[in-house]
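Chain by chain, the residues run as shown.
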Amino acid sequence: MSRVLVTGGAGFIGSHLCERLIADGHEVICLDNFLTGRKANLESIARHPRFELVRHDVVEPLLLEVDEIYNLACPASPRHYQANSVKTVKTNVLGALHVLGAAKRLKARVLQASTSEVYGDPQVHPQPEDYWGHVNPIGTRACYDEGKRVAETLFYDYLRQHKLQIRVARIFNTYGPRMLENDGRVVSNFVVQALRGEPITIYGDGSQTRSFCFVDDLVEGLVRLMNSNCTEPVNLGNPAEYTIADLAHKIVAMTSSKSRIDKLPLPADDPRRRRPDISRAKTVIGWQPTIALEQGLGKTIAYFREAMK
Ligand code: NAD
Ligand code: UDP
């Protein structure tokens, strides 16, 4: 049994990760400022004797005693991370400095929830970990993309300078139950719109692509990476690639919705194509996704049907 800290543990991915770590027999401290997270996400473990919830903002130093840290604190949806972009940079950069400082003091292992956004609007397809990316440093997505890139830089400087046990997961689009109704990301937007019978909002012509990973698969990948010896960045995502228009039609069909499809302007710097090369994850941590899009969408639609009652 280890004592594990999950920053951002009350959010979408973090809450599933906390549940998994409790089920694995660990003591779990969830730290969150509740910007996009909710106590309700942690209902199933809130009263568990090995679980503790702490309200804290990662822009402030951490004073906790733990063996492992998963650093997930940061709003992940463009709508939320752009709402206060300066705070997003602080969360990424100061948050990384504080978890790394704590990990150094405690000789703890520390995993960074990085992102496919470090590849920006990629000119290499699919994206392997050795691709350096194509990011606009002054655009509206930069607070998140560059924030996450600096966080990675800090993780590798702490590895070189202080021999810290770091792990870096580059997470590709992940979806599932507990996304917020107003999250703003594409899967939750389309499911909520379809269930309400409201227009499905496709940004641009819908030909841009994404690859969607169900949250249970992602959590399995995070835990395997933490338990491995791999200090290189590892892509975690589902390599099945879909256009956004395909996704809209799939969700309309699966919900038997009467929603029409509306085309809205494409946001600035929206990546055209995205698909992970997961060769490294397969080799190093023996991981690949097991849940197909239809299956994961089924669970997500069932969740929103219940949540929106
Ligand atoms: P989310 O917005 O649901 O969760 C983020 C959590 O961090 C929330 O609980 C929020 O309240 C908390 N938080 C935000 N700022 C904080 C701060 N300053 N101090 C303390 N807590 C703070 O998002 P998610 O989808 O669960 O993403 C979790 C992590 O995974 C994020 O770091 C995100 O960048 C990364 N990631 C997610 C995806 C995805 O598709 N879901 C893709 C790539 C990377
Ligand atoms: N998108 C869309 N309609 C929406 C929300 C998003 O067409 O209501 C598009 C968005 O422009 C992008 C893709 O879906 O091309 C994925 O967007 P999301 O915000 O989920 O994630 P990210 O762009 O960060 O991968």
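In the block above lies the structure referred to throughout.
The residue numbers shown here count from 1 along each chain, following its written sequence. All chains are assigned letters beginning with A, and all ligands numbers beginning with 1, in the order in which they are written. Where totals are concerned, whole chains, interfaces and linings use all residues; where local detail is concerned, this predicted model gives features only for residues with pLDDT of at least 70, and gives and counts side-chain atom pairs only at 80 or more. Derived side-chain values reflect all non-hydrogen atoms in the structure, with water molecules and hydrogen atoms excluded from consideration.

### What to know about the overall build of the chain
- Each helix and strand in the chain was counted, giving nine helices and 13 strands.
- We take the radius of gyration over the C-alpha atoms and set the globule estimate at 2.2 Å times the residue count to the 0.38 power. Compactness check: the chain gives a C-alpha radius of gyration of 18 Å against a globular reference of 19 Å for 309 residues, within 12% of the reference.
- Reported as C-alpha extents along the three principal axes, the dimensions of the chain are approximately 55 × 45 × 40 Å.
- Counting over 309 residues, the chain shows a buried share of 55%. To qualify as a helix, a DSSP run of H or I must reach at least 4 residues; to qualify as a strand, a run of E must reach at least 2; elements of each kind are numbered from the N terminus. Type-normalised accessible area, obtained with a 1.4 Å probe on protein chains alone, sets the label of each residue: buried when under 20%, exposed when over 50%, and partly exposed for intermediate values.

### Re the side chain of Thr255
- Inspection of the secondary structure assignment puts Thr255 in the loop between α7 (244–254) and β13 (261–264).
- The buried category is assigned to Thr255, whose relative accessible area is 9%.

### Describing the site of ligand 1
- It suffices for a single heavy atom of a residue to lie within 4 Å of a molecule or strand for the residue to be listed as near it. Within the structure, ligand 1 sits among 30 residues, and Asp32, Thr36, Tyr144, Thr174 and Arg185 are positioned closest to it.
- Here an oxygen atom of ligand 1 sits 2.9 Å away from a polar atom, N or O, in the main chain of Leu35.
- Accessible surface area values rest on a Shrake-Rupley calculation with a 1.4 Å probe, where residue burial reflects the displayed protein chains alone. Starting from 830 Å² of accessible surface for ligand 1 in isolation, the protein chains cover 97%.
- Elements with a contribution of two residues or more to the shell around ligand 1: α1 (12–23), α3 (85–106), β5 (109–115) and α4 (142–162).
- When residue character is reported, Ala, Val, Leu, Ile, Met, Phe, Trp, Tyr, Cys and Pro are called nonpolar, Asp, Glu, Lys and Arg charged, and the others, Gly included, polar. Among the residues forming the shell around ligand 1, the class breakdown is 14 nonpolar, 11 polar and five charged. Polar contact criterion, stated in full: a pair of N or O atoms within 3.5 Å, where within protein one must be able to donate a hydrogen and the other to accept it, and residues adjacent in sequence count only if both atoms are side-chain atoms.

### What to know about unusual backbone geometry
- Cis rather than trans, the peptide bond between His125 and Pro126 has omega equal to -10°.
- For Pro126, the position within the fold is in the loop between β5 and α4.
- With phi around 55°, Lys107 is a residue other than glycine that occupies positive phi space.
- If you trace the backbone, Lys107 turns up in the loop between α3 and β5.
- Positive phi, close to 60°, is recorded for Asp269, a residue that is not glycine.

### Structural notes on α7
- All of the buried residues in α7 are Ile244, Ala245, Leu247, Ala248, Ile251 and Val252. The arc that holds the buried residues of α7, viewed along the axis, is 160°, so those residues lie on one side. Turned more than 90 degrees from where α7 packs its buried face, His249 and Ala253 sit exposed.
- Considering only its buried residues, α7 is in contact with α5 (186–196), β8 (200–203), β9 (209–211), β12 (241–243), β13 and α9 (293–307).
- Two residues or fewer after α7 comes Ser256, characterised by a positive phi angle close to 50°. To obtain the arc, one takes the directions from the helix axis to the C-beta atoms. What makes two residues a contact is simply this: any of their non-hydrogen atoms within 4.5 Å.

### Overview of the pairing of strand β11 (residues 233–236)
- Every second residue of β11 is oriented toward a common face, with Pro233 and Asn235 on one face and Val234 and Leu236 on the other, all of them buried.
- Relative to β11, strand β6 (residues 166–171) is paired through four bridges, and the arrangement is parallel. Residue Ala169 lies in a different strand from β11, and its bridge partner there is Val234. Paired strands are those between which DSSP finds at least two bridges.

### Some thoughts on the side chain of Ser259
- Looking at the element boundaries, Ser259 is found in the loop between α7 and β13.
- Looking at Ser259, the relative accessible area reads 8%, which means it is buried.
- At 2.9 Å, the side chain of Ser259 forms a polar contact with the side chain of Ser257.
- Ignoring sequence-local partners within four residues, the contact set of Ser259 consists of Gln193, Ala194, Gly197, Glu198 and Ile200.

### Some details on the site of ligand 2
- Looking at ligand 2, there are 18 residues lining it, with Val186, Thr201, Tyr203, Asp270 and Arg274 nearest.
- The backbone of Thr201 places a nitrogen or oxygen atom 2.5 Å from a nitrogen atom of ligand 2.
- Between ligand 2 and Asp270, the relevant distance is 2.6 Å, taken from an oxygen atom to a side-chain nitrogen or oxygen of the residue.
- Protein burial of ligand 2: of its 520 Å² of free accessible surface, 95% is covered by the chains.
- Looking at the shell around ligand 2, the elements that each hand over two or more residues are α5 and β8.
- Taken together, the residues that form the shell around ligand 2 break down as seven nonpolar, five polar and six charged.

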